[in-house]
Amino acid sequence: MTQLREVDIVVVGAGPAGLAAALACGRAGAETLLVDFMDAPGGQLIKQTHKFFGSERQYAGTRGVQIPEIFFKELSEMPNVKMMWGTNAAGYYEDGTLALEDGQRFFKVKPKRVILATGAAEKSLAFENNDLPGVYGAGAVQTLMNVHGVEPGKRVLMVGSGNIGLIVSYQLLQAGVHVQCVVEAAPKIGGYLVHAAKLRRAGVPILTSHTILRAAGKDCVEGADIAKVDANWQPVPGTERRIDCDVICLAVGLTPLVDVLWQAGCEMVYVPALGGHVPLRDHSMRTSNPRIYVAGDAGGVEEASSAMITGEIAGISAAASIGMMPAGAQERLNQLIADLAAIRSGPTGEKICYGISCATVRGGAW
Ligand SMILES: Cc1cc2nc3c(=O)[nH]c(=O)nc-3n(C[C@H](O)[C@H](O)[C@H](O)COP(=O)(O)OP(=O)(O)OC[C@H]3O[C@@H](n4cnc5c(N)ncnc54)[C@H](O)[C@@H]3O)c2cc1C
């Protein structure tokens, strides 16, 4: 262990939420340390080559992969902001010490505030043979294609019709991979219809009320058996059929990465609408541990636009809580709260709004 280093605010995770949080802390004049265990900033954005949907103020129309550069440029010019890549936040202790490790050494930091913007992990699905090579999460398929330029296979069965399943299916088509069909257990498509329409125009069937039963193959995926499901999501006898594929891609949701929040003793609640366990927080994104703020998917799985907004709210609020509130910060907070409400106001926002109400402390303030 090296000597304990004191700093105003540590932001863990440099996805859209962490980048926005660090920028807000930096602008407020706080000594800020931004860490991420990846080698570069961006989080999920580094593999998102498509133009973003969402709100214009949060870079809608810009390719996801270009957004981190915009933040990084401004952060690099701030003398009060330090960034560490390849660095994992490995533990948080009762006395407020955060342990960081870079693969070779442990560092101890004693921040006045910590903003946890650790994102989310992909969920899997239980079915026969789901451990065969060729069964991938959608994030892994995106990383193979968009970061490393590697084709995951030739014929894909996509499981899940949320935005991620639809977007990754379209990216597979663009890469010349055949998408046999998308299966979706719910009776209707989960993602935006604009993405579904692109797939349908390209001739990809989207089979709602269908599920995967098993992966076929001995050493790797050689096919998949699917079937129709009834209103209780049980397979309907006699509807089973084989899909010819060498990749089964699972896009069945994400769950918040909250290990450090548990370690910090934050009060947690289980909210299925937000993807799993999330910390109880107030409107400023402060958790029940007054030193800890949460931002982005770690506080509930949404999308990059809301991650940037909750990140900035957490950044401004964490800095304000240690006496750093620059002129105009309150007006900016009001604007961000309005933007967030607008993003969550559509029909797809209903579930999120319900989830947020379950995860927010009564009355909105501790
Ligand atoms: C295929 C796909 C398409 C999408 N398309 C869109 C879209 O068009 N529009 C939109 O708004 N959203 C989209 N999203 C959603 C969006 O990417 C996420 O909601 C957003 O990235 C969440 O941001 P975040 O900062 O909370 O987390 P992430 O982007 O996941 O970043 C979290 C970061 O934390 C780091 N980290 C985690 N734990 C630790 C630790 N202990 N120590 C150090 N670092 C750590 C990770 O390395 C990562 O860099 C898409 C997502 C996917 C998968």
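Bear in mind the structure is a predicted one, so any value in this text is a computation, not a measurement.

Here is what the cut-offs are and how they apply
Residues numbered from 1 in each chain as written. Predicted model: local features only at pLDDT ≥ 70, side-chain atom pairs only at ≥ 80, totals over all residues. Heavy atoms only, no water. Helix = DSSP H or I, 4+ residues; strand = E, 2+ residues; numbered from the N terminus. Buried < 20%, exposed > 50% of the residue type's maximum accessible area, 1.4 Å probe, protein only. Patch = residues over 30% accessible without salt bridge, like charges linked within 9 Å, V, L, I, M, F, W, Y side chains within 5 Å. Areas by Shrake-Rupley, 256 points an atom, 1.4 Å probe, with all protein chains shown as cover. Salt bridge = Lys/Arg side-chain N within 4 Å of Asp/Glu carboxyl O. Phe/Tyr/Trp six-rings, centres within 6.5 Å; stacked < 30°, edge-to-face > 60°. Lys NZ or Arg CZ within 6 Å of the ring centre and 35° of its normal. Axes fitted to C-alpha atoms, helices over the stretch in contact; angles between N-to-C directions. Parallel < 35°, antiparallel > 145°, perpendicular 65-115°, else oblique. Left-handed = near helix turned anticlockwise from the far one by under 90°. Contact = heavy atoms within 4.5 Å. Nonpolar A, V, L, I, M, F, W, Y, C, P; charged D, E, K, R; others polar. 1 Å grid on protein atoms, 1.4 Å probe; cavity = no way out; pocket = protein on both sides within 12 Å on 5 of 7 lines; lining within 4 Å. Points joined across faces, edges and corners; volume = space filled by probe spheres on them. Pairing = 2+ DSSP bridges. Right-handed = clockwise from strand over helix to strand, strands pointing away.

Peer 1: Any chance you could break down unusual backbone geometry for me, citing the residues and the numbers?
Peer 2: If you check the backbone angles, Asn 129 has positive phi at about 70° while not being a glycine. By the secondary structure assignment, Asn 129 is in the loop between strand E7 (120-122) and strand E8 (135-137). Of the residues examined, Asn 129 reaches a relative accessible area of 30% and is grouped as partly exposed. Despite not being glycine, Trp 233 shows a phi value in the positive range, around 65°. Mapped onto the elements, Trp 233 comes out in the loop between strand E13 (223-228) and strand E14 (241-243).

Peer 1: Hey, could you go over a nonpolar patch on the surface for me, with residue numbers and the actual values?
Peer 2: Judged by side-chain polarity, Phe 37, Met 38, Ile 46 and Val 147 come together as a nonpolar surface patch covering roughly 350 Å² of accessible area. Summarising the element assignment, Val 147 is placed in helix H3 (residues 138-147). Among the residues examined, Val 147 registers a relative accessible area of 37% and is labelled partly exposed.

Peer 1: So what's going on with the packing of aromatic side chains? Which residues, and what values?
Peer 2: Counted by the stated rule, this structure contains two aromatic pairs. Geometrically, the ring pair formed by Tyr 59 and Phe 71 is edge-to-face, given 5.9 Å between the ring centres and 70° between the ring planes. Residue Tyr 59 is located in the loop between strand E2 (32-35) and helix H2 (67-76), and its partner Phe 71 is located in helix H2; the two are separated by 12 residues in the primary sequence. The buried category is assigned to Phe 71, whose relative accessible area is 6%. Both rings, one in Phe 72 and one in Trp 85, keep their centres 6.5 Å apart while their planes meet at 50°; by these two values the pair is tilted. Placement of the pair is Phe 72 in helix H2 and Trp 85 in the loop between strand E3 (81-84) and strand E4 (88-92), with a sequence separation of 13 residues. For Phe 72, a relative accessible area of 33% corresponds to the partly exposed category. With relative accessibility at 25%, the residue Trp 85 sits in the partly exposed group. One residue, Lys 198, lies across the ring of Tyr 170, its end atom 4.5 Å from the ring centre.

Peer 1: So what's going on with the packing of helix H1 (residues 16-27) against helix H7 (residues 304-321)? Which residues, and what values?
Peer 2: As a packed pair, H1 and H7 sit with axes 7 Å apart at the nearest point and diverge in direction by 30°. Classified by the angle between their axes, H1 and H7 sit roughly parallel to one another. For H1 against H7, the interelement crossing comes out right-handed. Residue-level inspection shows Pro 16, Ala 17, Ala 20, Ala 21, Ala 24, Cys 25 and Arg 27 of H1 in contact with H7, the latter providing Ala 304, Ala 307, Met 308, Gly 311, Glu 312, Gly 315 and Ile 316. The residue makeup of the contact of H1 with H7, split by class, is 10 nonpolar, two polar and two charged.

Peer 1: Please give an account of the layout of surface pockets that cites residues and values.
Peer 2: Its volume calculated, the second largest pocket comes out at about 340 Å³. In terms of lining residues, the second largest pocket is bounded by 22 residues, among which His 283, Met 285, Leu 340, Arg 344 and Ile 356 are the most central. Of all elements in the fold, only H7, helix H8 (329-343) and helix H9 (349-359) reach the threshold of two or more residues within the lining of the second largest pocket.

Peer 1: Now, about the pairing of strand E9 (residues 155-159): what can you tell me, with residues and values included?
Peer 2: Along any regular strand the residues' side chains alternate between the sheet's two faces. For E9, a buried count of four out of five residues is recorded, marking the element as mostly surrounded by other parts of the structure. Examined bridge by bridge, E9 and strand E10 (residues 178-184) share five bridges and lie parallel to one another. Directly across from Arg 155, in E10, lies its bridge partner His 178. After leaving E9, the chain enters helix H4 (residues 163-174) and then returns to the sheet as E10, a path that is right-handed. Sheet topology note: the E9/strand E15 (residues 247-250) ladder contains four bridges and is parallel. Of the residues in E15, the one forming a bridge with Leu 157 is Ile 248.

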